[in-house]
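Architecture and fold: a report
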Amino acid sequence: MNDLPKLTSPSQVRAWIEANQFLPSKVLGQNFLIDGNILRIMVETAAIGPDDGVLEVGPGLGVLTGPLSEAAARLVAVEKDPRLADHLAAAFRDRPSVTLVRGDALATDLGALKREHRLTRFVSNLPYSVGSRVLVDCFQLPDGFERLVVTVQLEVAERLAARPGTADYGLLAVWAQLDHEARIVKRVAHGCFYPRPQVTSAIVELVRTRARRAALPEPARFDALIKHAFSQRRKQLGTSLASFRHPAAPAAADAAPRAGIDPTRRPETLAVEEWIALDAACAAP
């Protein structure tokens, strides 16, 4: 595992996989990026400065890890698969700026890693199996990443960037857009990965332009509120709020009119600012 293949060459990636008897895991969502143009777009979009630190989740064979480690002052790569972690440890052993964390990103304190290594960017070809959950963990940090650039399933990308009043607008959009401006940079074809996934992917850029989560008086209440409302997204807000129970939300039942929101509206029509106002009204006596 000491030799790093040309990671944008499908034939060399296949040869490495066969030589090392490595079977990419569908359960772990292992689809390796092999397209040099997509790689370039991701790195350029990340706009990494010489003092920036970067977090990468699911580095796999290291196709992103290489250029990220060259651009950033510090790179922390979190890899769950022990076989790939061994490969990465050998491939990047001569780059002291690279810190390899062996483990599951969902069980890792990303906030602690961010603070310890002074990380400002999150750049990853996210495994399909955990992509949205890892992103939510990032969005729920009170001091989030300045910029996130990720490849995810197209349907996840559309939900991240969705606007109020659309079918894709929901929990993920509210969490993402609480502090970030989200946009789809480019669709990514199946052939840009090996093995080829059955779904289309997309590059998404999220730039932190606000710090509204840190200003929430009760972030756990806000999260519980939007989870409850979107779990009943076909119901009118007034009906949904009548069944919302949270110890920090004693006034939820009639919160909508006190927040200046028509209780006959449905969850997908509320902009993020309105969710913040509704959350505050839930606490009012």
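Just above, that's the structure.
Note that the structure is a prediction, hence the values are computed from the model and not measured.

Check the secondary structure of the chain and you find 13 helices and nine strands. Relative to the 2.2 N^0.38 estimate, which gives 19 Å for 285 residues, the radius of gyration of the chain is 21 Å and therefore close to what a compact globule would have. Along the first, second and third principal axes, the C-alpha atoms of the chain reach 65 × 35 × 30 Å. Split into buried and exposed, the 285 residues of the chain put 52% on the buried side. Considering only intrachain contacts with a sequence separation of at least 6, the fraction spanning at least 24 residues in the chain is 69%. Of the charged side chains in the chain, 35 are positive and 32 negative; the average position of the first set lies 4 Å away from that of the second.

Where helix α8 (residues 171–179) contacts helix α13 (residues 272–283), the two axes come as close as 9 Å, and the packing angle between them is 95 degrees. In terms of their interaxial angle, α8 and α13 are classed as roughly perpendicular. In this structure, α8 uses Val174, Gln177 and Leu178 to contact α13, whose residues at the interface are Val272, Trp275 and Ile276. Its residues assigned to classes, the contact of α8 with α13 comprises five nonpolar, one polar and no charged.

With that settled, consider the sheet that holds strand β5 (residues 121–125). As summarised here, the arrangement of the seven strands in space is β4-β3-β2-β5-β6-β9-β7, forming an open sheet in which the pairing is mixed. Here the strands that pair on one side only, and so sit at the sheet edges, are β4 (98–102) and β7 (180–188). Geometrically, the sheet is characterised by an average inter-axis angle of 20 degrees between neighbouring strands, direction not taken into account. Two strands pair when backbone bridges link them, and strand β2 (residues 53–57) and β5 are joined in this way by two bridges, in the parallel orientation. Each bridged residue has a counterpart across the sheet, and for Leu55 the counterpart in β5 is Phe122.

This brings us to helix α1 (residues 10–19). Of the positions making up α1, those classed as buried are Val13, Trp16 and Ile17. Seen along its axis, α1 keeps its buried residues to an arc of 100 degrees; they face one direction. Set apart from the buried face of α1 by more than 90 degrees, the exposed residues are Glu18 and Ala19.

Counting residues in each nonpolar core, the largest one holds 59 residues, and the members touching the most others are Leu55, Phe122, Leu135, Phe139, Trp275 and Leu278. Sort the elements by how many residues they give to this core and α8 lands first, with six residues. Setting aside residues no more than four positions away along its own chain, Leu55 makes contact with Val76, Val78, Leu110, Leu113, Leu119, Arg121, Phe122, Val123, Ser124 and Phe145. Core analysis: the next-biggest nonpolar cluster, separate from the first, contains 32 residues, Leu7, Val43, Val98 and Val188 among them.

So, on to the packing of aromatic side chains. Taken as a whole, this structure holds five aromatic pairs when the rule is applied. Taken together, a centroid distance of 6.0 Å and an interplanar angle of 55 degrees make the contact between Trp16 and Phe22 tilted. For Phe22, a relative accessible area of 4% corresponds to the buried category. With centroids separated by 5.4 Å and ring planes inclined at 45 degrees, the aromatic side chains of Phe230 and Trp275 adopt a geometry described as tilted. Here Phe230, found in helix α10 (residues 219–231), pairs with Trp275, found in helix α13; they are 45 residues apart in sequence, far enough to count as distant. An aromatic cluster is present here, built from Trp16, Phe22 and Phe32 joined pairwise through their rings. A cation over an aromatic ring shows up here: Lys114 above the ring of Phe145, its NZ or CZ 5.9 Å from the ring centre.

We now examine the pattern of salt bridges. In the structure shown here, the tally under the stated rule is 17 salt bridges. The shortest N-O distance in the salt bridge between Arg121 and Glu146 comes to 3.2 Å. On the criterion of sequence distance, the pair formed by Arg121 in strand β5 and Glu146 in the loop between α6 (131–139) and β6 (147–153) is long-range, its members being 25 residues apart. For Arg121, a relative accessible area of 8% translates into the label buried. Taking the shortest distance from any N to any O, the salt bridge between Arg213 and Asp223 comes out at 2.6 Å. Linking Arg213 in helix α9 (residues 212–215) with Asp223 in helix α10, this pair joins segments that are 10 residues apart in sequence. The burial state of Arg213 is the same as that of Asp223; both residues are buried. Here the residues in one salt-bridge network are Asp52, Arg121 and Glu146, joined through shared partners.

Calculation criteria
- Residues numbered from 1 in each chain as written.
- Predicted model: local features only at pLDDT ≥ 70, side-chain atom pairs only at ≥ 80, totals over all residues.
- Heavy atoms only, no water.
- Helix = DSSP H or I, 4+ residues; strand = E, 2+ residues; numbered from the N terminus.
- Rg over C-alpha atoms; globule rule 2.2 N^0.38 Å.
- Buried < 20%, exposed > 50% of the residue type's maximum accessible area, 1.4 Å probe, protein only.
- Contact = heavy atoms within 4.5 Å.
- Lys, Arg positive; Asp, Glu negative; His and termini not counted.
- Charge placed at Lys NZ, Arg CZ, Asp CG, Glu CD.
- Axes fitted to C-alpha atoms, helices over the stretch in contact; angles between N-to-C directions.
- Parallel < 35°, antiparallel > 145°, perpendicular 65-115°, else oblique.
- Nonpolar A, V, L, I, M, F, W, Y, C, P; charged D, E, K, R; others polar.
- Pairing = 2+ DSSP bridges.
- Arc of directions from axis to C-beta.
- Core = buried A, V, L, I, M, F, W, Y, C linked by side-chain atoms within 4.5 Å.
- Phe/Tyr/Trp six-rings, centres within 6.5 Å; stacked < 30°, edge-to-face > 60°.
- Lys NZ or Arg CZ within 6 Å of the ring centre and 35° of its normal.
- Salt bridge = Lys/Arg side-chain N within 4 Å of Asp/Glu carboxyl O.

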